[in-house]
Structure formats: structure tokens, C-alpha cells
Amino acid sequence: MDQILYRSGPGSTFDNVFDSAKSKENKKFIREFIWDITENKTIITQLSLSEVDIRTEMDNFGVNLKIKHPSYIRKRGFIQTRKGLHINYKTVFDNSSANFNELSPVVTFSADIKNNEDPSICFLKFVQNIRYKVPPKFFQGKYIMEFFPPLNCLYRNYGDCDTKAILLASLLEGASFRKERMVIIVLKGFGIFHAILAIERIPLPGMLSFYIDRMGPFIPMETTIKGWMPGFTNRQVNLCLQNGQFRFVKLF
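An account of the accompanying structure is given in this report.

Thresholds, definitions, all that
- Residues numbered from 1 in each chain as written.
- Predicted model: local features only at pLDDT ≥ 70, side-chain atom pairs only at ≥ 80, totals over all residues.
- Heavy atoms only, no water.
- Phe/Tyr/Trp six-rings, centres within 6.5 Å; stacked < 30°, edge-to-face > 60°.
- Helix = DSSP H or I, 4+ residues; strand = E, 2+ residues; numbered from the N terminus.
- Buried < 20%, exposed > 50% of the residue type's maximum accessible area, 1.4 Å probe, protein only.
- Lys NZ or Arg CZ within 6 Å of the ring centre and 35° of its normal.
- Pairing = 2+ DSSP bridges.
- Contact = heavy atoms within 4.5 Å.
- Axes fitted to C-alpha atoms, helices over the stretch in contact; angles between N-to-C directions.

### A word on the packing of aromatic side chains
Then, number 1: The full count for this structure, using the stated rule, is 11 aromatic pairs.
Then, number 2: Ring centres 5.9 Å apart and planes at 65° place the aromatic pair Tyr89 and Phe147 in the edge-to-face group. Pair noted here: Tyr89 is in helix H3 (residues 89–96) and Phe147 is in the loop between strand E8 (142–143) and helix H6 (150–156), with a separation of 58 residues, a long-range link.
Then, number 3: Owing to a relative accessible area of 0%, Phe147 belongs among the buried residues under this scheme.
Then, number 4: Three or more aromatic residues joined by ring pairs make a cluster, and in this case those are Phe61, Phe78, Tyr89, Phe138, Tyr143 and Phe147.
Then, number 5: The cationic tip of Lys133 hangs over the ring face of Tyr158; the distance from NZ or CZ to the ring centre is 4.7 Å.
Then, number 6: Here the guanidinium or amino end of Arg156 rests over the ring plane of Phe148, the centre of that ring lying 5.1 Å away.

Pasting the structure below:
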């Protein structure tokens, strides 16, 4: 079957795919994302990203390692523990979610997802197609712990496991489908140090699910590579989950 190419977005053109164009009038960066929602349906989604929002998000994240004050660290998106610094995913998520009230509907519109449909598969496919690449440890003179906040992940069109997991959470939050209960799962063991998003869903047959704080079943959303559907992930992640080799951070 021939591949069908779908396209949407304001002022769409086929020029400069994955390149940026800065508008002097509205100070926007245009990003185009080519992604497969099915084997024979490819979407081209064009997003208009605010220069001010991109800069503000990055300005508010990252720490000077010479400053140890707990309040400074918290405000900059980190938590100090006895084991060292951890990214405060909840703070990053809360600070960036408002940016996706306009962006998430553009993604679902491009994929022809209706307002009453669950957009989780759509967003998962979209994020999986973003290039997997580990961000730097330091950026613009600050320690960012190899993590980009979600708007900057879109702008730079790459991220690693936790960067892409928070991006997926932000897209789901901005979709207005329903108030999602989501957690970031950080796994360490069986040869991996990895992060995934998990959302509260009743699992279908064959899906991996687990309970958190007696809240209900959650299913994993594997963002790092293409092909994984909601509720499915690799063997090492399964082993970590089954053996309690993880910690989680609530995003709700």
C-alpha cells in the first residue's frame, strides 16, 4: 500500500523541514515534525514556538553548582538528596505545561484526532519520532544534568529518556482530553538507568501494568524509540518494575 502523507499547521510549506525560521514580527520559531502514526500514514506537523517562552523555560532551569542553598536549587528545577542532585520533574512539568495548551491541539489536529478521543497513542508516536540524543551536562553556563525542559526539547528536536517522557506528559496535559494522572518512573537495575512516563489506565490484555500508592493501574509509555505501544516496553524495564528497582515522581 502506498504511504499516505498528511500535513497541517499554519502557513505550511515543504521547505526547510526540521529547520527554523524566525519571524521578526511575532518572534516565533517554526518547527516541522515528520512522524508516523501508522505504517502507511505519515504526518507533518508544524509548530510555532515562542522565542520568549523557549528562553524563559531554559532561563528558569539549571543550577550553578557552586550555590548550595536549598531554596535556590528548588527554584531551579532540582532537588538535593543525600545521593546528590535529582531533577524535580514535577516542578519542570508544572512550569512548562501552560505552553502546551496551544501546541497539543495542533498535534492532534494534524493527526485528525477528535476532541473526545484518547490522544495518548497519537502523542506517544509523535514523541517517539523525536530524535533520541542525550543533552549536555552543562548548557549556557549551568548544570542541566543531561535534561532539556519540554519546550526546549521541541525547539532542539532531540532529547533522552526523561526529556522525552516529560514532553509526552506536557502534551497530554495540554490536550484537554481529561485530567491525566501521570508519574515519571526512574528505573535503575538489570543493566539500565532509564526513565519512562506511566499513565493511569485499565490495561488491555497483554499490557504491562502496576499499581502505585493504591491509586489504580498505570501503564508504561516508552518514548525512546519507535514501535512501542502504550502498555508495552522492553524486558529490562519489565524486570525493574517487577522487582521494585525504581522510584517514581507524581506529576498530578
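Resuming the write-up.
### Some thoughts on the sheet that holds strand E13 (residues 217–221)
Then, number 1: Pairing is antiparallel across the open sheet formed by five strands, whose spatial order is E12-E13-E11-E10-E14. One side of each edge strand has no neighbouring strand; the edge strands of this open sheet are strand E12 (210–211) and strand E14 (246–250).
Then, number 2: As judged from the two bridges shared by E12 and E13, these two strands associate in the antiparallel manner. Bridge pairing links Phe210 to Phe218 in E13.
Then, number 3: The strands that helix H7 (residues 161–173) touches are strand E10 (182–189), strand E11 (192–200) and E13; relative to E11, the one it contacts most, it runs at about 10°.
Then, number 4: Contacts between helix H8 (residues 235–242) and the sheet are confined to E10, E11, E12 and E14, with E10 contributing the most and set at about 100° to the helix.

### Observations regarding unusual backbone geometry
Then, number 1: Even without being a glycine, Gln140 presents a positive backbone phi close to 55°.
Then, number 2: Checked against the element boundaries, Gln140 lands in the loop between strand E7 (138–139) and E8.
Then, number 3: With a phi angle near 60°, Glu146 is a residue other than glycine that sits in the positive phi range.
Then, number 4: Mapped onto the elements, Glu146 comes out in the loop between E8 and H6.
Then, number 5: According to the relative accessible area criterion, Glu146 is partly exposed, its value standing at 29%.

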